[in-house]
Structure formats: structure tokens, C-alpha cells
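A look at the structure
What follows is the residue order along each chain.
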Amino acid sequence: MKKSEHDEEWFEFSTDSMDILGQGVSKSGGMVSFVSKSLPGESGRAKVFFQKKNWRRGVLVSTNNLSIKSPLRKNPDCRHFENCFGCHYLHTDYHNELHFKKNALLNHLRKIDLPEIKIIGAKKRDGHRNRMQLHYDLKNKKIGMMGPFGIVETPDCQLPTPLLHQAIKKFTENDWWIHPQFKDHPEMGHIEFCLTEKNDISMALNQKYAHLGFSQVNTEMNQQLVNLITEQISQEHREGLILDLFGGNGNLTSKITSPILVCDGEASTCTNFQQSLQINLYSKNALQIINQQIKLKKISGIIFDPPRSGLKEISLWVKQLLKEKKSWFIYVSCSPDTLARDLENLKNNEPKFKCKNIFLVDLFPGTYHFETLAVFRKEE
């Protein structure tokens, strides 16, 4: 059951390891507990905010509730960190954060035969997000990030770029944001702020996520991801068409000077080498439409960049696509658990593919999120 802001249920914990969500894992007291803001080797008292029969989630409300502190702990650079769920690793240094992320990825992919994971870290943890979503509560006059017990006001959040931070701070200070624009909107909702290509700020109230169209929130690290994919494809690609499935605006293949079919694409943003096919890849006839588009063209390889849900619903036609003499494929994933499931699904497929390279690309420093890029080559 979910705990209210005023509920005072506490429990003792002793953290052994970190999970994929950046929480400390404790198995003391006969129950598995996940404690945000804790580190391995720490003991103390945490406050429950969600509980099931055999497990619970809790939060370390303050370091004053620790009886044993980890030597890995540091003072967070953001003053909102203890109460906010926007970041997960600011209580330790960046080297440790990358170590925890690598272990989480290894744990998910333990059934897959992998080479050594290569880590592409960010140059900075703060000031990198070009898009932010804040939650609001008109009745209580609160706007900010979500915390374990509701909205936390975060005027000095370290995540947005300087220009975006300035715009958000101006909008939220002195209750200026409580404005007639909310007249036809619910008392609780969200506001998204986005930095445009022209360095303007676009704001959307209670619209879908990424209201200007999806793009990676970390511009600098996105460029590193694009460069990495370009480099990997240059090693694998010989001739023929490259399929960029879930390609969106063609971002990942924008630097490749070979014929590319961007499926699920946005035609207006494609380069001269990209052809856009606007298609719902989860539709029943998706493979038939793709085959009609490529006809008798030779397919060199495929890039998969699915949403968080992965390939599960389309795994059968993906397997069929891979059977047709493709020499390589690249899987880009923001979700290690669905990546592991999909790769396990493809493991016994014919022809067999072996993982040649795997990279952890940290587009989201300070948080538990990251991108994984896995390159597979057909076994001879």
C-alpha cells in the first residue's frame, strides 16, 4: 500500500548492493527492501512509501538516520537531492555511479555471451537536459519534481541547461506560474519546458511527453551516441540498404552516407541518404509494408531502437527479418530488462548472431537511466 505524507512507518535496513533503479537493496528483517538514497554497506532507518507482502520500498529521509555510512558517500551537489526523485546517484561520485550502472547491466545480461562492456561516460553531471517536465498542484500551490511523498519544489535543480534553468526559475518563482492559462486544466498535472533548435523555450501544459517531437534530452551525449553508431556501422556495412527501425527523425543514422530506410520516421527531418517510411511497426502488416518498400534490395543490416517496451510484440517478424541473410544488427536500448528479454528471445534464432561490441552510453548522468548499444554480427 502507498503511504501518505503523514504516515510514520519506519524500518531498519542494511544495504548489500544496488539495484537497476539506483536503490540500495537490503535483505535484513526477513523482507527484501529497496532503499533510495542509500549505498552498499550502509545501515540505518528508512521510511516506507510503498509495501507489498514480501517486499517494500523506502527512502532514507536524512543522513541523520544512518548508523553506518559508506565511504563511497559524498555530499550531493544539489540541495534538493534528499527529497527529490529526479536524480539517484548524487550521493556518490561519478566513477561509482558508472560502476553501479555497469553492474546493473551485467546482471540483466548475465545469460547472454558478451564481450567486455565499454563505458562512454558524460563530461558533466549537471546542466545537460534540454527538456524538463515539472508536476504542479494548484490547490497547494506547488510546482516541481516528484518525491516519495508528493511534489517537491526544486527551484535550484541542477539538471537543465543554463538557459532552460533560467526560464523555469523565472516561470516558477513568486507564484507567477499560477495563471489564467490553467482555467480549463485539472488542479494537478504537468508542464513541459523544452529548449528548441533556435534556443527558444517552448512550454506545453498537460500535453504528451516530448510535445515538439521526441529527441534525446542530452545533446552532447546524443552526439557521442550518433558518432559511435556511425563508427560501428562503418566496420560492419559493406553494401546494400540499412534498415533503421523505430528511427524517428533519423537521428541515429544522420551521419551515415549509405542508403537508409528510416521506419517509423518523420520525413521532414531526414537527410539525403535517408528515406522515411511512416509506419506503425506494431501493426499486423508492418513486415509486409517494409518488404514492399525494399522489394528486391539487398539489406546489409538493421538498427533497432525501440521504445522502453522493446520488441516483444513484434519479435516473430523481427526473427523472420533477421533470417533473410542480414550480416549484422545493432540494438539500442534505454531499458536493460527489455533488452535482456529480446536478446534472449533472439539467441536461438537462425542464423545465429554473436555480440561483437557492447557499450554503456551515459546519456542521463546522476540518474539510474542509461542507453545500451549492442553490435551483433552473423556467425559464419
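The notes below deal with the structure included here.

With that out of the way, let us pick up the overall build of the protein. On a plain count of helices and strands, the protein comes out with six helices and 19 strands. Within the span of the protein, comprising 380 residues, buried residues form 51% of the whole. The contacts of the protein with a sequence gap of at least 6 include a subset with a gap of at least 24, amounting to 62%. Of the side-chain charges in the protein, 51 are positive and 43 negative, and the distance between the mean point of each set is 4 Å.

What follows deals with the packing of aromatic side chains. Inspection of every chain in the model, using the stated rule, returns eleven aromatic pairs. Centroid distance Phe171 to Phe193: 5.4 Å. Interplanar angle 70 degrees. Geometry classified as edge-to-face. Here Phe193 lies in strand S11 (residues 188–195) and Phe171 lies in helix H2 (residues 162–172), a separation of 22 residues in the sequence. Taking the relative accessible area as the measure of exposure, Phe171 reaches 7% and is therefore buried. The aromatic ring of Phe149 is capped on one face by Lys47, whose charged end is 4.7 Å from the ring centroid.

With that settled, the discussion passes to the environment of Cys194. Along the chain, Cys194 falls in strand S11. Of the residues examined, Cys194 reaches a relative accessible area of 8% and is grouped as buried. Along the sequence, Cys194 and Gln133 sit 61 residues apart, while their C-alpha atoms lie 8.6 Å from each other. Those residues in contact with Cys194 that sit more than four places away from it in its chain are Asn130, Arg131, Leu164, Asp200, Ile201, Ser202, His211 and Leu212.

Right, let's talk about the packing of helix H4 (residues 286–294) against helix H5 (residues 315–323) for a bit. It is the contact of H4 with H5, at a shortest axis distance of 10 Å, that shows an interaxial angle of 30 degrees. In terms of orientation, H4 lies roughly parallel with respect to H5. Touching Ala286, Leu287 and Ile290 of H4 are Trp317, Gln320 and Leu321, all from H5. Of the residues contributing to the contact of H4 with H5, the split by class is five nonpolar, one polar and no charged.

Spatially, five strands are ordered S10-S9-S8-S11-S12 in an open sheet, and the strand pairing comes out antiparallel. Every interior strand has two partners, whereas the edge strands, strand S10 (150–152) and strand S12 (201–205), have only one. Along the sheet, successive strands turn relative to each other by an average axial angle of 45 degrees, direction set aside. Bridge count for strand S8 (residues 131–137) against S11 is seven bridges, and the pairing is antiparallel. Looking at the pairing, Met132 lines up with Phe193 of S11.

With respect to the helices and strands, Gln216 occurs in the loop between S12 and helix H3 (219–236). The class for Gln216 is buried, based on a relative accessible area of 13%. Once residues lying within four places of it in the same chain are set aside, the contact partners of Gln216 are Asn130, Asn222, Asn251, Leu363, Phe364 and Glu371.

With the rule as written, the count across this model stands at one cavity of 30 Å³ or more. Around the largest cavity, the lining residues are Cys78, His80, Phe81, Cys84, Gly86, Cys87, Leu90, Met145, Thr154, Cys157, Gln158 and Leu159. A breakdown of the residues in the lining of the largest cavity according to their chemical character gives eight nonpolar, four polar and no charged.

With that out of the way, let us pick up helix H1 (residues 94–108). The end-to-end C-alpha separation of H1 is 21 Å, in line with the 21 Å expected for 15 residues at 1.5 Å each. Three or more residues of H1 are buried, namely Tyr94, Asn96, Glu97, Leu98, Phe100, Lys101, Lys102, Ala104 and Leu105. Each element contacted by the buried residues of H1 is listed here: strand S1 (10–18), strand S7 (118–120), helix H6 (336–346), strand S18 (353–361) and strand S19 (371–378). The backbone nitrogen of His95 lies 3.2 Å from a side-chain oxygen of the residue at the head of H1, namely Asp93.

With that settled, the discussion passes to the pattern of salt bridges. A side chain of one charge can pair with a side chain of the opposite charge if their charged atoms are brought near each other. Evaluated as defined, the whole model comprises 16 salt bridges. Note that Glu12 and Arg45 form a salt bridge whose closest N and O atoms lie 3.6 Å from each other. Within this pair, whereas Glu12 is found in strand S1, its partner Arg45 is found in strand S4 (residues 43–51), the two being separated by 33 residues in sequence. Here Arg73 makes a salt bridge to Glu42, at a shortest N to O gap of 2.7 Å. Residue Arg73 is located in the loop between strand S6 (66–68) and H1, and its partner Glu42 is located in the loop between strand S3 (32–36) and S4; the two are separated by 31 residues in the primary sequence. The exposure class of Arg73 is buried, given its relative accessible area of 17%. By relative accessible area, Glu42 is classed as buried at 0%.

Looking now at the pairing of strand S13 (residues 241–248). Walk down a regular strand and you will see the side chains alternate between the two sheet faces. For S13, a buried count of eight out of eight residues is recorded, marking the element as mostly surrounded by other parts of the structure. The pairing of S13 with strand S16 (residues 299–304) spans five bridges and is parallel. The residue of S16 that forms the bridge with Asp244 is Ile303.

Time to look at the state of the cysteines. Considering all chains together, one arrives at zero disulfides under this definition. The structure places no disulfide on Cys84, whose sulfur is separated from the nearest cysteine sulfur, that of Cys157, by 6.5 Å. Overall, the relative accessible area of 9% leaves Cys84 in the buried class.

The rules we used
- Residues numbered from 1 in each chain as written.
- Predicted model: local features only at pLDDT ≥ 70, side-chain atom pairs only at ≥ 80, totals over all residues.
- Heavy atoms only, no water.
- Helix = DSSP H or I, 4+ residues; strand = E, 2+ residues; numbered from the N terminus.
- Buried < 20%, exposed > 50% of the residue type's maximum accessible area, 1.4 Å probe, protein only.
- Contact = heavy atoms within 4.5 Å.
- Lys, Arg positive; Asp, Glu negative; His and termini not counted.
- Charge placed at Lys NZ, Arg CZ, Asp CG, Glu CD.
- Phe/Tyr/Trp six-rings, centres within 6.5 Å; stacked < 30°, edge-to-face > 60°.
- Lys NZ or Arg CZ within 6 Å of the ring centre and 35° of its normal.
- Axes fitted to C-alpha atoms, helices over the stretch in contact; angles between N-to-C directions.
- Parallel < 35°, antiparallel > 145°, perpendicular 65-115°, else oblique.
- Nonpolar A, V, L, I, M, F, W, Y, C, P; charged D, E, K, R; others polar.
- Pairing = 2+ DSSP bridges.
- 1 Å grid on protein atoms, 1.4 Å probe; cavity = no way out; pocket = protein on both sides within 12 Å on 5 of 7 lines; lining within 4 Å.
- Points joined across faces, edges and corners; volume = space filled by probe spheres on them.
- Expected span 1.5 Å × (residues − 1).
- Polar contact = N/O pair within 3.5 Å; in protein donor to acceptor, adjacent residues only side chain to side chain.
- Salt bridge = Lys/Arg side-chain N within 4 Å of Asp/Glu carboxyl O.
- Disulfide = S-S within 2.5 Å.

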